[in-house]
Amino acid sequence: MPYENLMVEEEAGLVTITMNRPEKRNSLSFAMMTELNAALRAIGERRDARAVILAGAGPAFSAGHDLGELRARDVGFYRRVFELCAELMQTVQTIPQPVIARVHAIATAAGCQLAASCDLVVAAERAQFATPGVRIGLFCSTPMVALSRAVGRKHAMEMLLTGAPIDARTAERWGLVNRVVPDAELIAETRKLALQIAEASALTIAIGKQAFYAQIDLDQAKAYAYTKEVMSLNAIAADAQEGICAFLEKRKPAWNGR
């Protein structure tokens, strides 16, 4: 379907969604978030889509919420905006395909939240990350949810309380970014990672992604109780049996998604 704020490209089972409001630094307007949510959900329903790459056009990955929309509104409007934002972040993590943020430049506030919500993040060397809401009197409380689950508490608090940007290498060291690559290699390296993931069974990836987020905030005993059941059911799937047989027979598995 056509989108006003997004470009969607497909190749070899990979779907690349590019936020395309460069003149607004890909700010997450109500319309942008609505389209992103719809696009991701549509991809989530497809069996042929193996991985999603989320990118931004122009000088920024995303500058966060569209502040023009947040001026002089009533509390009901703000609740709708932040509810939609939270819904979008959860959609990123609930669709079965892995979502990889390809961050080429600055990702701030809700833009940083969006990157932190993705399953993986590949960043260019010139990329930066920040939660600067404190500087304009609007603390990055919803971005804090994703950020604090990606980096340690002290690092998250430093970003939230100072609003100062961190560079890509620092973000990698703190756990917000998986890998940092030269600017010129960002597209190729992100694609390479996505294709590597796409080699696995789509069913297995979906099971694993769902289980990861379900267990991450459980205490250890509950996490093991949950994951041992998940793994038992995974083991009887046709793809699991095919993978085991292929390994033992020293051949490439033929996945069927069951």
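Above this note sits the structure.
Residues numbered from 1 in each chain as written. Predicted model: local features only at pLDDT ≥ 70, side-chain atom pairs only at ≥ 80, totals over all residues. Heavy atoms only, no water.

**Examining the layout of surface pockets**
Piece 1. There is about 720 Å³ of room inside the largest pocket.
Piece 2. Every element with two or more residues in the lining of the largest pocket is listed here: helix H2 (75–94), helix H3 (110–117), strand S7 (120–124), helix H4 (141–150) and helix H8 (202–215).
Piece 3. Of the residues that constitute the lining of the largest pocket, the class distribution is 14 nonpolar, eight polar and four charged. (1 Å grid on protein atoms, 1.4 Å probe; cavity = no way out; pocket = protein on both sides within 12 Å on 5 of 7 lines; lining within 4 Å. Points joined across faces, edges and corners; volume = space filled by probe spheres on them. Helix = DSSP H or I, 4+ residues; strand = E, 2+ residues; numbered from the N terminus. Nonpolar A, V, L, I, M, F, W, Y, C, P; charged D, E, K, R; others polar.)

**Thoughts on the sheet that holds strand S6 (residues 106–108)**
Hydrogen bonds along the backbone pair up the strands of a sheet, which may run parallel or antiparallel.
Piece 1. Overall, mixed pairing links the four strands, which are arranged S4-S6-S8-S9 in an open sheet. The open sheet is flanked by strand S4 (60–62) and strand S9 (166–167), the only strands paired with a single partner.
Piece 2. Two elements, strand S8 (residues 128–130) and S9, share two bridges in a ladder whose sense is antiparallel. Residue pairing for S9: Gln 128 is matched across the bridge by Asp 167.
Piece 3. Sheet strands in contact with H3 are S4, S6 and S8, and its direction is about 100° off that of S6. (Pairing = 2+ DSSP bridges. Contact = heavy atoms within 4.5 Å. Axes fitted to C-alpha atoms, helices over the stretch in contact; angles between N-to-C directions.)

**Comments concerning the pairing of strand S5 (residues 99–103)**
Piece 1. Burial of S5 is extensive: five of the five residues sit out of reach of the surface.
Piece 2. What you see with S5 is no split at all: Val 99, Ala 101 and Val 103 on one side and Ile 100 and Arg 102 on the other are buried throughout.
Piece 3. Examined bridge by bridge, strand S3 (residues 51–56) and S5 share three bridges and lie parallel to one another. Each bridged residue has a counterpart across the sheet, and for Val 52 the counterpart in S5 is Val 99. (Buried < 20%, exposed > 50% of the residue type's maximum accessible area, 1.4 Å probe, protein only.)

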